[in-house]
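Observations on chain architecture
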Amino acid sequence: MAFVVLPEAPLGPWLAVLRGQIDKAPGFFNARPVIVDFAHLSPGTEGVATLLTDIEALGITVIDVENIGEIPCAAPFRRHLLGGRPTGAVEIKPTVRPTPEAAGAAADAPAAGSLPVEPGATPGLIVEDHVRSGQSVLFPKGDVTVLGSVSSGAEILAGGSIHIYGALRGRALAGAQGFARARIFCRKLEAELVSIDGFYMTAEDMPAEMRGAAVQISLEGGRITIAHQR
Amino acid sequence: MAKVVVVTSGKGGVGKTTSTAAIGAALAQTGAKVVVVDFDVGLRNLDLVMGAERRVVFDLINVIQGDARLHQALIRDKRLENLSILPASQTRDKDALTTDGVAKVIAELREKFDWVLCDSPAGIERGPAMAMHHADIAIVVTNPEVSSVRDSDRIIGLLDSKTERAQRGERVEKHLLLTRYDPARAARGDMLKVEDVLEILSIPLLGIIPESQEVLKASNVGVPVTLNNPETAPARAYQDAVRRLLGEKLEIVIPQERRSFVDRLFGRRVA
Ligand SMILES: Nc1ncnc2c1ncn2[C@@H]1O[C@H](COP(=O)(O)OP(=O)(O)O)[C@@H](O)[C@H]1O
Ligand SMILES: [Mg+2]
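Keep in mind that this is a model prediction, so the values were computed, not measured.

About the cut-offs
Residues numbered from 1 in each chain as written. Chains lettered and ligands numbered in written order. Predicted model: local features only at pLDDT ≥ 70, side-chain atom pairs only at ≥ 80, totals over all residues. Heavy atoms only, no water. Helix = DSSP H or I, 4+ residues; strand = E, 2+ residues; numbered from the N terminus. Axes fitted to C-alpha atoms, helices over the stretch in contact; angles between N-to-C directions. Parallel < 35°, antiparallel > 145°, perpendicular 65-115°, else oblique. Left-handed = near helix turned anticlockwise from the far one by under 90°. Contact = heavy atoms within 4.5 Å. Domains from an automatic or database assignment. pLDDT = per-residue confidence, 0-100. Pairing = 2+ DSSP bridges. Buried area = accessible area lost by both parts, 1.4 Å probe. Salt bridge = Lys/Arg side-chain N within 4 Å of Asp/Glu carboxyl O. Polar contact = N/O pair within 3.5 Å; in protein donor to acceptor, adjacent residues only side chain to side chain. Nonpolar A, V, L, I, M, F, W, Y, C, P; charged D, E, K, R; others polar.

1. Some remarks on unusual backbone geometry
Ala9 of chain A connects to Pro10 of chain A through a cis peptide bond whose omega is -5°. Locating Pro10 of chain A in the fold gives a position in the loop between strand 1 (3–5) and helix 1 (11–24). A positive phi is found at Asp197 of chain A, a non-glycine position, where the angle reads about 50°. Structurally, the position occupied by Asp197 of chain A is in the loop between strand 11 (193–196) and strand 12 (199–202). Even without a glycine there, the phi angle at Ser202 of chain B is positive, about 35°. Among the secondary structure elements, Ser202 of chain B is positioned in the loop between helix 10 (194–201) and strand 8 (205–210).

Following this line, the structure appears as structure tokens:
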């Protein structure tokens, strides 16, 4: 899910540390949207005006800012929050790979760049079992199919679409590398959060009549749209 | 072949230690050789619930560190001679639980006993990881409330990925034990429904243990509830759980609120 980063002055060294982390784990931020929290910065901090562009220059997608107050910093990000409310801090979870197949897939995930091939030709990842709380399945290459349910506190992140044959109670992030035509399907919608191409919707904003239903979720004109499965 | 069972939950205070003692005693009553092992280093409890606290000389850490032999640390139960307890250390750090050390102790216990029941500490760190690592079977103890269910779900994920069996590509056999089930609160809708818990966790149900004063009474006198008063509701529920663990197909009855004669009369008149 989205990381919240908390930059600290001086910004030069802070950016250097961030760059170092990206070098160590290429592709780590790549598939994950980032929220920049300005809480530790002030309008006078050196380099603050270009901070967001500097972060994005490292290949990170910034989706939102928090505590920006009076700080003069242009927001280069194109994505916006549904309803315009800021998100809370999001926990960073360890990656647990539920199946050997998933482990292999995550290991050879592409280091950078957008979805490499057309969706029809992308490889798919099949998770045979439930994805339990605390586990995350990361598959930036293509579609993820889960035969079981996705628990509250679990997350699926796919470059392509996400197909869940059980209940979706956790988080599903489809089209995570910038693929707006990705969709999410599940047999029973009890999700905490769904996201397509960086746009997202939390449980609170989901239409009450869709809860518990078999749904498909898509992005229509920049809005997460939930419809009954036909 | 010996079976290693971990009694685990993620969350604390749900009834793991109570259940380890009750199930251990009930298994021993079938004639099997049983040992209950306390992995809760620093918060040792199982010896109290089993009434063995005044006979502890050596503990699990002493055995792991080579300060004592296994047979010196094992305490035989006063009531059932085929039931033993391996206590935890109250003073040592849980880091003293080394992977190799635990593996050696478990291997030795497998040779001496039919059932090795490991009482796990709460959490998802080293202690619980060590307690579950060698398990063939897991009893996942859960209370019918949201946080307990989520923690159990997390533990099931770890059982499926971090245990020795999982790393060999095999499965740990998992059972759900729903404990501290309060029929009165269930009737008021203050607790998760049994079917909702089962749907979320989707592992087979071993039993439902009602919330009962008898559990406190038994632990205060240091006797597993299944031995202290075998006719009480929680004792019977644990006995049934053990029969299911041994493979018997027993129907599961959801505990109902017991209403007084007057209540029932009144209830019928209104209906
Ligand atoms: N079925 C029950 N009814 C009433 N109290 C219970 C029941 N099960 C456990 N308890 C009480 O709850 C507390 C925590 O139980 P314990 O077995 O120590 O949990 P854990 O080992 O999971 O931390 C103890 O005081 C115990 O007596
Ligand atoms: Mg305990």
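2. Observations concerning the packing of helix 7 (residues 146–159) of chain B against helix 10 of chain B
Residues and elements named next belong to chain B. Helix 10 packs onto helix 7 with a crossing angle of 30° between their chain directions and a minimal axis gap of 10 Å. The angle between the axes of helix 7 and helix 10 places the two elements in the roughly parallel class. The element helix 7 and its partner helix 10 pack so that their crossing is right-handed. Counted together, Val149, Ser152, Asp153 and Ile156 of helix 7 and Val197, Ile200 and Leu201 of helix 10 form the full contact between these two elements.

3. With respect to the domain arrangement of chain A
For chain A, the domain assignment lists domain 1 (3–74) and domain 2 (125–228). Each of domain 1 of chain A and domain 2 of chain A has a C-alpha centre, and the two are 27 Å apart.

4. Here's the deal with the confidence of the model for chain A
All names here are of chain A. Per-chain confidence: chain A averages 76 in pLDDT, with 73% of residues scoring 70 or above. Mean pLDDT values for the elements of chain A range from 38 in helix 3 (residues 100–107) up to 98 in strand 10 (residues 184–189). Counted against residues more than four places away or in other chains, residues 76–119, with its pLDDT under 50, gives 88 contacts.

5. A few points about the sheet that holds strand 12 of chain A
All names here are of chain A. Pairing is mixed in the open sheet, where 5 strands are placed in the order 5-7-9-11-12. Each of the sheet's edge strands pairs with one partner strand only, and the pair in question is strand 5 (136–139) and strand 12. For this sheet, the mean inter-axis angle between neighbouring strands, taken without regard to orientation, is 5°.

6. What to know about the interface of chain B and chain A
At the interface, 13 residues of chain B touch 14 residues of chain A. Regarding the contact of chain B and chain A, the summed buried area is about 1,100 Å², with carbon and sulfur atoms giving 35% of it. The three residues of chain B that bury the most area against chain A are Arg150, Asp153 and Arg154 of chain B, which together make up 42% of that side's buried surface. The tally of links from chain B across to chain A stands at 5 salt bridges. Across the pair Glu199 of chain B and Arg169 of chain A runs a salt bridge whose closest N-O atoms are separated by 2.9 Å. One can count 12 residue pairs in polar contact (both at pLDDT 80 or more) joining chain B with chain A. Taken together, the elements giving at least two residues each to the side of chain B that touches chain A come down to helix 7 and helix 10 of chain B. If you tally residues by element for the side of chain B that touches chain A, the top one is helix 7 of chain B, at 5 residues. Here the residues of the side of chain B that touches chain A are counted per class, giving 4 nonpolar, 3 polar and 6 charged.

7. Regarding the packing of helix 1 (residues 16–29) of chain B against helix 13 (residues 233–245) of chain B
The description of two packed helices rests on the angle between their axes and on the distance between the axes. Residue and element names in this part refer to chain B. Axis separation between helix 1 and helix 13 bottoms out at 9 Å; the angle between their running directions is 65°. Between helix 1 and helix 13, the angle is such that the two are roughly perpendicular. For the element pair helix 1 and helix 13, the recorded crossing hand is right-handed. Contact residues: helix 1 offers Thr18, Ser19, Ala22, Ile23, Ala26 and Leu27, while helix 13 offers Tyr238, Val242 and Leu245. Split into classes, the residues belonging to the contact of helix 1 with helix 13 amount to 7 nonpolar, 2 polar and no charged.

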